[in-house]
Amino acid sequence: MEQCPICYHELEVRECAPCDDCGWDPKEINHLKQGIHTYSIYEVYQGLRLILCNFCDVDFGSYRPEYFGFTDGKRIGFQHFELVKELENPLVVKDKFCPHCSRRLTFLTFLNEVRSLNSKRKA
């Protein structure tokens, strides 16, 4: 994929910490190397999965419902996550990144899929 699935801006490749939410931020690579965060794979919404650090998992509910395409005020929060597994040896990974959206492709793909599910729900 060469373009962001949300804004269609050209993607760039960068090193990322494992977190699909904040891992794009270069500071997070330092946090990974210092062992500041733990990382887990969660089933977040209707079978869709994300890898999240132990900050982003509890903060996830702070996203506005409209960001994910909810019109009924629903929030996706930690209390709804299903833990799949904890990452035992988290590593720096390469991922594509949208400089316009400031998000990793893994997160943008998740966002696009949640929005698609919600648009089908309304139809």
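Preceding block: the structure.
Every residue gets a number counted from 1 within its own chain, in the order that chain's sequence is written. Where totals are concerned, whole chains, interfaces and linings use all residues; where local detail is concerned, this predicted model gives features only for residues with pLDDT of at least 70, and gives and counts side-chain atom pairs only at 80 or more. In computing side-chain values, all of the structure's heavy atoms are included and hydrogens and water are not.

(A) Just the overall build of the protein chain, in detail. Strands are runs of DSSP state E lasting at least two residues, helices are runs of H or I lasting at least four, and both sets are numbered from the N terminus onward. Assigned secondary structure in the protein chain consists of 3 helices and 6 strands. Mapped from its N terminus to its C terminus, the protein chain presents α and β elements in the order β-α-β-β-α-β-β-β-α. Within the protein chain, counting contacts between residues at least 6 apart in sequence, those at least 24 apart form 65% of the total. Pairs of residues are marked as contacts when any of their non-hydrogen atoms sit within 4.5 Å.

(B) Representation of the sheet that holds strand β1 (residues 12-16). On the basis of which strands lie adjacent, the open sheet formed by 3 strands has the order β1-β5-β6 and antiparallel pairing. Where the open sheet ends on each side, the last strands, each with one partner, are β1 and β6 (103-104). Being paired, for any two strands, means DSSP has found at least two bridges between them. When strand β5 (residues 93-98) meets β6, the two strands line up antiparallel, connected through 2 bridges. What sits directly across from F97, in β6, is R104.

(C) View of the pattern of salt bridges. For this document, the term salt bridge refers to a Lys or Arg side-chain nitrogen within 4 Å of an Asp or Glu carboxyl oxygen. As enumerated under the stated definition, the model contains 7 salt bridges in all. Between R14 and E12 there is a salt bridge, with its nearest N and O atoms 3.2 Å apart. Residue classification places R14 among the partly exposed positions, given a relative accessible area of 21%. The buried label goes to any residue with under 20% of its type's maximum accessible area, the exposed label to any with over 50%, and the partly exposed label to all in between, with areas taken from a 1.4 Å probe on protein chains only. For E12, a relative accessible area of 33% corresponds to the partly exposed category. The salt bridge involving R64 is made with E66; its shortest N-O contact spans 3.5 Å. Among the ionic contacts, a cluster of salt bridges with common partners joins D20, D95 and R104.

(D) Molecular detail of the nonpolar core. The definition of a nonpolar core used throughout is a set of buried Ala, Val, Leu, Ile, Met, Phe, Trp, Tyr and Cys residues joined through side-chain atoms within 4.5 Å. The biggest cluster of nonpolar side chains holds 23 residues, and the ones touching the most others in it are V44, L52, F60, F68, I76, F110 and V114. Not counting the four nearest positions on each side in its chain, F110 is found in contact with V44, L48, R49, L50, F60 and F68. With 5 residues, the next largest nonpolar core counts C4, C98, L105 and L108 among its residues.

(E) The arrangement of the side chain of E28 in detail. With respect to the helices and strands, E28 occurs in helix α1 (residues 26-34). Positive charge is attributed to Lys and Arg, negative charge to Asp and Glu, and no charge count is given to His or to the chain ends. Put simply, E28 is tucked away with no salt bridge, and the nearest opposite charge, on K27, sits 6.3 Å away. If we skip the residues at most four places from it in the chain, E28 touches A17, C22, G23, H37 and Y39.

(F) Inspection of the packing of aromatic side chains at higher detail. When the centres of two rings from Phe, Tyr and Trp lie within 6.5 Å, Trp using its six-membered ring, the rings pair. Their planes under 30 degrees apart give stacked, over 60 give edge-to-face, and anything left gives tilted. The final tally for this structure, using the stated rule, is 16 aromatic pairs. A centroid spacing of 5.3 Å and a plane angle of 50 degrees characterise the contact between Y42 and F81, whose relative ring orientation is tilted. Of this pair, Y42 sits in strand β2 (residues 39-45) while F81 sits in the loop between α2 (56-59) and β4 (82-86); the two residues are 39 residues apart in sequence, bridging distant segments of the chain. Y42 gets classed as buried once you look at its relative accessible area, which sits at 7%. Using a relative accessible area of 11% as the deciding quantity, one classes F81 as buried. Clustering of aromatic rings is evident, with ring pairs tying together Y42, F60, Y63, Y67, F68, F78, F81, F107 and F110. Charge over a ring is defined by NZ of Lys or CZ of Arg lying within 6 Å of the ring centre and within 35 degrees of the ring normal. Just above the ring of F97 sits the side chain of R14; from NZ or CZ to the centre is 3.7 Å.

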